[in-house]
Amino acid sequence: MQLLALLFARMGGEVDMMGVNMRLFDPAQLSGLKLNFPDGRGWSGEGSWGYAREHEVMR
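I will try to describe carefully the structure that is included in this document.

Cut-off values and rules
Residues numbered from 1 in each chain as written. Predicted model: local features only at pLDDT ≥ 70, side-chain atom pairs only at ≥ 80, totals over all residues. Heavy atoms only, no water. Helix = DSSP H or I, 4+ residues; strand = E, 2+ residues; numbered from the N terminus. Buried < 20%, exposed > 50% of the residue type's maximum accessible area, 1.4 Å probe, protein only. Areas by Shrake-Rupley, 256 points an atom, 1.4 Å probe, with all protein chains shown as cover. Salt bridge = Lys/Arg side-chain N within 4 Å of Asp/Glu carboxyl O. Contact = heavy atoms within 4.5 Å. Patch = residues over 30% accessible without salt bridge, like charges linked within 9 Å, V, L, I, M, F, W, Y side chains within 5 Å.

In terms of helices and strands, the protein chain carries one helix and two strands. Going residue by residue from the N terminus, the α and β elements of the protein chain occur as α-β-β. Per-residue burial for the protein chain yields a buried fraction of 2% across its 59 residues. Split by element, the accessible area of the protein chain, about 6100 Å² in all, is 56% carbon and sulfur.

Written out as structure tokens, the structure is:
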């Protein structure tokens with residue numbers, strides 16, 4: 001596993017890379033899905049958390 005990490009570091013240089021390049025769902029299947037954006041940065045770690053902004057509905 002360590003060898004893979006070293007090879008990956010050589011590929012990317014000093015820049016961290018992350019992401020997912022695949023489509024898990026057809027976009028039509030996501031229509032009407034409610035998206036919430038939790039405010040993890042502002043959360044104290046106790047109790048419920050707020051949201052960074054109002055929810056959106058995918059079209």
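With that out of the way, let us pick up the pattern of salt bridges. Summed over the entire model, instances satisfying the criterion amount to one salt bridge. Between Arg53 and Glu56 there is a salt bridge, with the nearest N and O atoms lying 3.7 Å from each other. Judged by its relative accessible area of 39%, Glu56 is partly exposed.

With respect to the element layout, Phe37 can be found in strand β1 (residues 34–38). The spatial distance from the C-alpha of Phe37 to the C-alpha of Ala52 is 5.7 Å, given a sequence separation of 15 residues. Excluding residues within four positions of it along the chain, Phe37 makes contact with Tyr51, Ala52, Arg53, Glu54 and Glu56.

Quick look at a nonpolar patch on the surface now. A cluster of nonpolar residues, Leu3, Leu4 and Leu7, forms a patch on the protein surface that exposes about 310 Å² of accessible area. One can find Leu3 in helix α1 (residues 2–12).

In short, geometric facts, not functional conclusions.
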